[in-house]
Amino acid sequence: MKRIFTVVITVMSLAAELAAAPSAPVQIAPALIPAPVHLQVSTGKPGFAMGGGIRVHHSVSRSELGRAAIRALMAAGVEVLPEENVGELTVTQEPHENCEWYAVRVTPQGVELRVASPQALHYAAQTLAQSLVQDAEGAPAIPSMQVEDAPLLAYRGLMLDPCRHPQTVEQTCRMLDLMARYKLNHLHWHLADDQGWRIEIKSAPRLTEVGSHRAETPTLANHDVGDGKPTKPFFFTQDEVRYVVAYANSLGITVIPEIEVPGHSCAAIAAYPELGNTDIPGYAPRVATTWGVLPYTYAPREDTLRFLRGVFAEICELFPRAPYVHIGGDEAPRDQWQQSEFARSFMKEHGMRHAGEIQHWFTRNMAELMAGHGRRIVGWDEILDDGKAPRDAVVMFWRSWVRPCALRRALDAGHEVILSPDSHFYFNFSQGKLPADPRYKPHGCQKAEQDWRHVYSYNPIPSDLSPEQRRRIIGLQANCWSESIADGPKLEYQTVPRLCALAEVAWAPAARRNAEDFLQRVRTHYAWFDSRQINYRREDGAPARP
């Protein structure tokens, strides 16, 4: 049986004397998001006083798990004071089927955390951070309570897209703070697309010399009209990438990089034209200045694979903890392959019946390449078209209109699946009533509004699936495509509070969820948003920080 550690940490809050000081009676129950599996709160009784912060016994810092607990508490914003000769730490080994399981017990004398793994310490710490209220005397306290909790889905993600409009390191870290607060554990970082290459690759410097800027950008008011303004080069240096990855790790979040193959590659091919289908009429690659699906795809050459091997070798070095690397695979037009004499000869040589099999060739090679680095690929659901995706590929479903049958086909073929349907989890889409400011115009292609209630209504685990099929649905993700998200305030407006709804959908089974109860809980979080100057969407549609 797999051995999973249970950690018990008892910590004491001290005033002037070295003894636990209970709080005054606490009348407020915590409004936890996502809602835990089990919560028992004793209101009207003393809780654990937090005015002096939390002190831990000095032995805690001598244990690897204890040090992880301290780091998780501090990352969650819980004040940890210098160690003293008080408190205690006990460690036991205990099997548990869910490695993200945790339990919290708060009494007037201390706080006990029990976790199934060091990762779960982050969730226990965030639960404590969300539970901080005021006692009857107005002092900070945590009510006496017991929590036992574990998530429904193992992968709970958010995708950020700095390719269409740049997002700084600071903006990215603000989003990571939000993700950690609500127990999301994967940042999907979309780092290359037609409109910009956003990560430094030392073996291919022209990717950023050429691919990190463009001649103009579509206006927010009308995506069919360019603004006529050349952009400044923007990309993340490798040091900046390492900083973001380390910051995410400190919050219990894994960063999954995405480099698109074989489509959405205009910026890369503009930098290295020999990577494209050079023998087609009118071949003139450039960094894209429009949105949408564009025709440039990688040519099926050994030189292209050699280039990609170099790129992904650096990607794997920069993201050492990522179990997956996302290869895109969506919206790869076949026109240029069909026009290219070389591509047609390649198809004939390899016994391919149609140009779509070139995409499968790229997908298979990327899967083999990643396996050599000890990783698995994730691809958008187009990698399933014609049913030839490598079995160990993780499929990320975004096309809601193909999901019902394609999802079952993927599950039956043995694929693990992450759900990200555009019908519910495209956070660049409209939430309903808009402010007058034209900067808040959303992406205009969706058919229905996606406010937090719509997000909250989603059921990721249909009841008609078999137990084995259900086990293969490993996650849920929202996507913030940035065609209409030009700055940090707009990114926050489009994301919050929908991110809270996403977190609860990924954490709690549909039978345990209640929209009206969620609304009451999320309202208590507005004060935290305000304290962090987060530009969340108010209930009347207005931005919190216009």
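Structure: above.
These numbers come from a predicted model, not from an experiment.

1. Quick notes on helix H7 (residues 302-318)
The α-helix winds at 3.6 residues per turn, so residues separated by three or four positions along the chain end up facing the same way.
Thought 1: Over its 17 residues, H7 runs 25 Å from end to end, which matches the ideal 24 Å to within 8%, given 1.5 Å per residue.
Thought 2: Along H7, the residues that are buried comprise Thr304, Leu305, Phe307, Leu308, Val311, Phe312, Glu314, Ile315, Cys316 and Leu318.
Thought 3: Where the residues of H7 are buried, they touch strand S14 (196-197), helix H4 (206-209), helix H5 (238-250), strand S15 (254-258), strand S16 (324-326) and helix H10 (356-372).

2. Thoughts on the sheet that holds strand S4 (residues 45-49)
Thought 1: Spatially, the four strands line up as an open sheet ordered S2-S4-S9-S8, and their pairing is antiparallel. Each end of this open sheet is capped by a strand with a single partner; those strands are strand S2 (22-26) and strand S8 (133-134).
Thought 2: Sheet topology note: the S2/S4 ladder contains three bridges and is antiparallel. Opposite proline 22, over in S4, you have phenylalanine 48 as the bridge partner.

3. Some remarks on the packing of helix H3 (residues 169-181) against helix H14 (residues 488-495)
Thought 1: In contact at an axis separation of 10 Å, H3 and H14 are set at 20° when each is read in the N-to-C sense. Relative to H14, the element H3 is oriented roughly parallel. Note that H3 runs across H14; the crossing there is right-handed. Every residue of H14 that contacts H3 at Gln171, Arg174 and Met175 is listed here: Gly488, Leu491, Glu492 and Thr495.
Thought 2: Residue classes in the contact of H3 with H14 are distributed as two nonpolar, three polar and two charged.

4. So, helix H9 (residues 341-349)
Thought 1: Those residues of H9 that sit buried are Ala343, Phe346 and Met347. The arc that holds every buried residue of H9, seen down its axis, measures 100°, which confines them to one face. Projecting away from the buried face of H9 at angles above 90 degrees are the exposed residues Glu341, Lys348 and Glu349.
Thought 2: In this structure, the buried residues of H9 make contact with helix H8 (335-339) and H10.
Thought 3: For H9, the N-terminal cap is serine 340; the gap from its side-chain oxygen to the backbone nitrogen of phenylalanine 342 is 3.3 Å.
Thought 4: Positive phi appears at glycine 351, one or two residues downstream of H9, with a value of about 65°.

5. Topic: the pattern of salt bridges
A side chain of one charge can pair with a side chain of the opposite charge if their charged atoms are brought near each other.
Thought 1: Summed over all chains, the structure comprises 23 salt bridges.
Thought 2: A salt bridge links arginine 242 to aspartate 239; the shortest N-O distance between them is 3.5 Å. Remark: aspartate 239 and arginine 242 occur in helix H5; sequence separation between them is three residues, near one turn of the helix.
Thought 3: We classify aspartate 239 as exposed; its relative accessible area is 60%.
Thought 4: Of the charged contacts in the structure, one is a salt bridge between arginine 399 and aspartate 385, with a shortest N-O distance of 3.0 Å. Remark: aspartate 385 occurs in the loop between strand S17 (376-380) and strand S18 (394-397) and arginine 399 occurs in the loop between S18 and helix H11 (403-412); sequence separation between them is 14 residues.
Thought 5: Each of Asp161, Arg164, Asp193 and Glu483 takes part in salt bridges that share partners, so that together they form one network.

6. What to know about the side chain of histidine 326
Thought 1: Examined against the element boundaries, histidine 326 turns out to sit in strand S16.
Thought 2: The buried category is assigned to histidine 326, whose relative accessible area is 1%.
Thought 3: A distance of 3.4 Å separates the side chain of histidine 326 from the backbone oxygen of valine 378, its partner in a polar contact.
Thought 4: Contacts of histidine 326, omitting those with residues within four sequence positions, involve His188, Ile256, Pro257, Glu258, Ile259, Val378, Gly379, Trp380 and Met396.

7. A word on the nonpolar core
Thought 1: Membership of the largest hydrophobic core comes to 132 residues, with the highest contact counts inside it found for Trp197, Ile199, Leu207, Tyr298, Phe312, Phe319 and Phe529.
Thought 2: Per element, the largest residue contribution to this core is eight residues, and it comes from H7.
Thought 3: Apart from the residues within four sequence positions on either side, phenylalanine 312 is in contact with Ile259, Val261, Val325, Ile327, Met366, Leu369 and Met370.
Thought 4: One finds Val78, Leu113, Tyr123 and Val147 within the second-largest nonpolar core, a separate group that totals 30 residues.

8. Focus: the state of the cysteines
Structurally, a disulfide amounts to a covalent bond that connects the sulfur atoms of two cysteines.
Thought 1: All chains considered together, the criterion is met by zero disulfides.
Thought 2: Note on cysteine 266: no disulfide assigned, nearest cysteine sulfur contributed by cysteine 163 at a separation of 12 Å.
Thought 3: Taking the relative accessible area as the measure of exposure, cysteine 266 reaches 3% and is therefore buried.

The rules behind the values
Residues numbered from 1 in each chain as written. Predicted model: local features only at pLDDT ≥ 70, side-chain atom pairs only at ≥ 80, totals over all residues. Heavy atoms only, no water. Helix = DSSP H or I, 4+ residues; strand = E, 2+ residues; numbered from the N terminus. Expected span 1.5 Å × (residues − 1). Buried < 20%, exposed > 50% of the residue type's maximum accessible area, 1.4 Å probe, protein only. Contact = heavy atoms within 4.5 Å. Pairing = 2+ DSSP bridges. Axes fitted to C-alpha atoms, helices over the stretch in contact; angles between N-to-C directions. Parallel < 35°, antiparallel > 145°, perpendicular 65-115°, else oblique. Left-handed = near helix turned anticlockwise from the far one by under 90°. Nonpolar A, V, L, I, M, F, W, Y, C, P; charged D, E, K, R; others polar. Arc of directions from axis to C-beta. Polar contact = N/O pair within 3.5 Å; in protein donor to acceptor, adjacent residues only side chain to side chain. Salt bridge = Lys/Arg side-chain N within 4 Å of Asp/Glu carboxyl O. Core = buried A, V, L, I, M, F, W, Y, C linked by side-chain atoms within 4.5 Å. Disulfide = S-S within 2.5 Å.

Geometric values such as these leave the question of function open.
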